[in-house]
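Working through the structure, step by step
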Amino acid sequence: MFGDNVYDPSLQDEVYKDKDRRSTSWQAGAESKSTLFPSATNPAGMWLAASPRFSKRIVRYLLIAVVVVAFVSFWHPSTGFYAGRASHAAAPTCEFPLGSLPESRTGELRDTLAGYKHRGEQCNLSSLDLHVPFGSVCPDKGSMLTAMSSGGRIGKDAPYVPRSCDMQWFSTWEVCEILGRYSQVILVGDSMLRHVIGALNILVREDLGYGGVTDWNFSDEEKRKCFCNNQFDIRDCSIQGIYSTADVLKRDPLSLICPKMIPEWSTDLRIEQIIRYPIPEAEHRRLEKAIDSNPSQRKAFILGHGLWSNLDVDQAVKWLDLVLDTIDAKTGARTRLRGRSPKRNLPILLVTPNAAGDKKPDEWLVSQGNKALVNFEHTMAVEAAKRRADHLGTWNMSIQATLYDGVHMDMRGNLLKAMMVLNWLNLLEP
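Report on the accompanying structure. Being a predicted model, the structure only gives us computed values, none of them experimental. The residue numbers shown here count from 1 along each chain, following its written sequence. Local features are withheld for residues below a pLDDT of 70 in this predicted model, meaning they are given only at 70 or higher, and side-chain atom pairs are given and counted only at 80 or more; totals for whole chains, interfaces and linings count all residues. Here the side-chain values reflect all heavy atoms present in the structure, with hydrogen atoms and water set aside.

1. Some thoughts on the overall build of the protein
- Numbered from the N terminus, helices here are DSSP runs of H or I no shorter than four residues, and strands are runs of E no shorter than two. Counting its regular elements, the protein contains 18 helices and five strands.
- For the protein, long-range pairs separated by at least 24 residues make up 72% of all intrachain contacts whose partners lie at least 6 apart in sequence.
- Reported accessibility uses the Shrake-Rupley method at a 1.4 Å probe radius. Residues are deemed covered only where the shown protein chains occlude them. Total accessible area on the protein stands at roughly 21,800 Å², and carbon and sulfur atoms take up 55% of it. Working rule for contacts: check all heavy atoms of both residues, and any pair within 4.5 Å makes them a contact.

2. A word on the packing of helix H7 (residues 172–179) against helix H18 (residues 411–426)
- Axes here mean lines fitted to C-alpha atoms, for a helix over just the part in contact, with angles spanning 0 to 180 degrees between N-to-C directions. Where H7 contacts H18, the two axes come as close as 10 Å, and the packing angle between them is 55 degrees. The orientation of H7 relative to H18 falls into the category oblique. Like other packed secondary-structure pairs, H7 and H18 cross with a definite hand, here left-handed. For the pair H7 and H18, contact is made by Val175, Ile178 and Leu179 and by Met419, Leu422, Leu425 and Asn426, respectively.
- Amino acid classes used here: Ala, Val, Leu, Ile, Met, Phe, Trp, Tyr, Cys and Pro are nonpolar; Asp, Glu, Lys and Arg are charged; the rest, including Gly, are polar. Tallied by class, the residues present in the contact of H7 with H18 amount to six nonpolar, one polar and no charged. For classification, angles of less than 35 degrees are called roughly parallel, those exceeding 145 degrees roughly antiparallel, those between 65 and 115 degrees roughly perpendicular, and all remaining angles oblique. Rotating anticlockwise by less than a right angle from the far helix to the near helix defines a left-handed crossing, while the corresponding clockwise rotation defines a right-handed one.

3. Looking at helix H8 (residues 191–205)
- The end-to-end C-alpha distance of H8 is 21 Å, a good match for the 21 Å that 15 residues give at a rise of 1.5 Å each.
- Classification of residues uses two cut-offs on accessible area relative to the type maximum, computed with a 1.4 Å probe and protein chains only: under 20% is buried, over 50% is exposed, and between them is partly exposed. Of all 15 residues that make up H8, 15 are buried, and the element is covered over most of its length.
- Structurally, the start of H8 carries an N-cap: the backbone nitrogen of Met192 is 3.2 Å from a side-chain oxygen of Asp190.
- Note on H8: the residue one or two positions beyond its end, Glu206, has a positive phi of about 50 degrees. In this scheme, a helix's expected span is set at 1.5 Å multiplied by one less than its residue total. Each polar contact in these results corresponds to two N or O atoms within 3.5 Å; when the atoms are within protein, one needs to be able to donate a hydrogen and the other to accept it, and residues that are neighboring in sequence are counted only if both atoms are side-chain atoms.

4. Describing the pairing of strand E2 (residues 268–273)
- In terms of burial, E2 is largely enclosed, as five of its six residues are buried.
- Pairing between strands is defined by DSSP: at least two bridges between the two strands are required. Pairing analysis gives six bridges linking strand E1 (residues 184–189) to E2, with the strands arranged parallel. Directly across from Gly189, in E2, lies its bridge partner Gln273.

5. Notes on the side chain of Gln368
- With respect to the element layout, Gln368 can be found in the loop between strand E4 (348–351) and helix H16 (370–386).
- Within polar-contact distance, the side chain of Gln368 engages the backbone oxygen of Leu307 at 3.3 Å.
- Of note is the side chain of Gln368, whose polar atom sits 3.4 Å from the side chain of Lys360.
- With residues near it in sequence (within four places) discarded, Gln368 still touches Leu307, Asn310, Leu311, Ala356, Lys360 and Leu373.

6. Remarks on the environment of Thr379
- Tracing the backbone through its elements, the reader meets Thr379 in helix H16.
- The partly exposed category is assigned to Thr379, whose relative accessible area is 32%.

7. Regarding the state of the cysteines
- Any pair of cysteine sulfurs within 2.5 Å is marked as a disulfide. Following the criterion strictly, the structure yields four disulfides and no others.
- Each disulfide pairs two cysteine sulfurs, and for Cys176 the partner residue is Cys258, the sulfurs being separated by 2.0 Å. Between Cys176 and Cys258, the disulfide has an S-S torsion of -75 degrees and is therefore left-handed. Here Cys176, found in helix H7, pairs with Cys258, found in helix H13 (residues 258–261); they are 82 residues apart in sequence, far enough to count as distant.
- Through a disulfide, Cys226 is tied to Cys237; the S-S separation comes to 2.0 Å. When the S-S torsion is -75 degrees, as for the bridge of Cys226 with Cys237, the disulfide is left-handed. You can see Cys226 sitting in the loop between helix H9 (220–225) and helix H10 (230–233) and its partner Cys237 sitting in helix H11 (residues 235–238), a full eleven residues away along the chain.
- Assigning the bonded cysteines of the protein consecutive numbers by sequence position, one obtains the connectivity 1-6, 2-3, 4-8, 5-7.

8. Digging into the sheet that holds strand E3 (residues 299–304)
- The five strands lie next to each other as E2-E1-E3-E4-E5, forming an open sheet whose pairing is parallel. A strand with exactly one partner marks an edge of an open sheet, and here the two such strands are E2 and strand E5 (390–392). Neighbour-to-neighbour, the strand axes of the sheet open up by a mean angle of 20 degrees, direction not taken into account.
- Relative to E3, E1 is paired through six bridges, and the arrangement is parallel. Along E3, the bridge assignment pairs Gln184 with Lys299.
- Seen against the sheet, helix H6 (residues 141–149) touches E4 and E5 and runs at an angle of roughly 25 degrees to E5.
- Lying over the sheet, helix H15 (residues 313–331) contacts E1, E3 and E4, oriented at roughly 165 degrees with respect to E3.

Here it is in structure tokens:
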């Protein structure tokens, strides 16, 4: 076993010599505790103090017992390591660093993209890959925009986490209901906004494979080339994006889900590409024509500009002012009311550009690098506020995401942006 002898006469002599050196009072106490120093008349208790090896033996047994208990607890199917992993896989949570999900939001732990057309092995994307709900939803438009603009990711392409309070990931019915509150939702800007409307069309058509592009006139080669993520990543595909719901209703009406869910749904969701300043006259006229002049019809505008002006704030502000003036003149509404006017501002959201990725061309790394982009975002947020327009920054949400050419986000990032726009629309006052 672990020791040789449990009784050794030579050790007994040493014990008694040591005992003789103790005081009388100590002797009395020691004799009353014969388990430590047994008397000559109690040789049976002698084994307890007979050898230090016995103590080592006890320690070894205890260590073995602790290891066995720990091993069983760790691997037990109901309480151990795998139980925790199984629970996480069944119901994704965001325990670190945000805390648990309120019971009222547990229904949001669902993959809203699960039933989308072309979802499968070749286009396998879950909404929970993009955002996992946590905590409480931001209560108003201002806190929502701040949270979405200043959040982050715990790792490359990890689900995006707004700061302080949470955004929502809406179901298709909710997307249609939010858009259906408006007669027009018009995006005005460059290729980044063209990608956002592509993502919005994926949502309202429930089609991951070709939802953002005009697949009704694609050749077999284009369908092969422009499938799923390539709707955004390949320029020849992304420029064939859907520019308005009117085109879908004309060319492929059965693919539009919203009228099936909400029969009275008739929102004009469109983009007008105006990428530079000075704005060409033809583009300006096209924007004027696109805006419905009926003041009783509710409208919202999402604007995006920056890289085509090389992040020149003066040029970007002039672009912004001309677009706002055009909206003012056409709608008869004031987009920039001041003071305590009883009228409400027409809802305007300015979206500033993505972060710069590692594939950004070297010639733009200074004028359009991350330092310049952050400064531009902060400055344009101030300029938007002066004009009573809202602002959504996208630097934080894109800095740890895939930017396939160093500038543009892929389908995942654009679906997230589209959902941010929907959260803004959802919190606008009636």
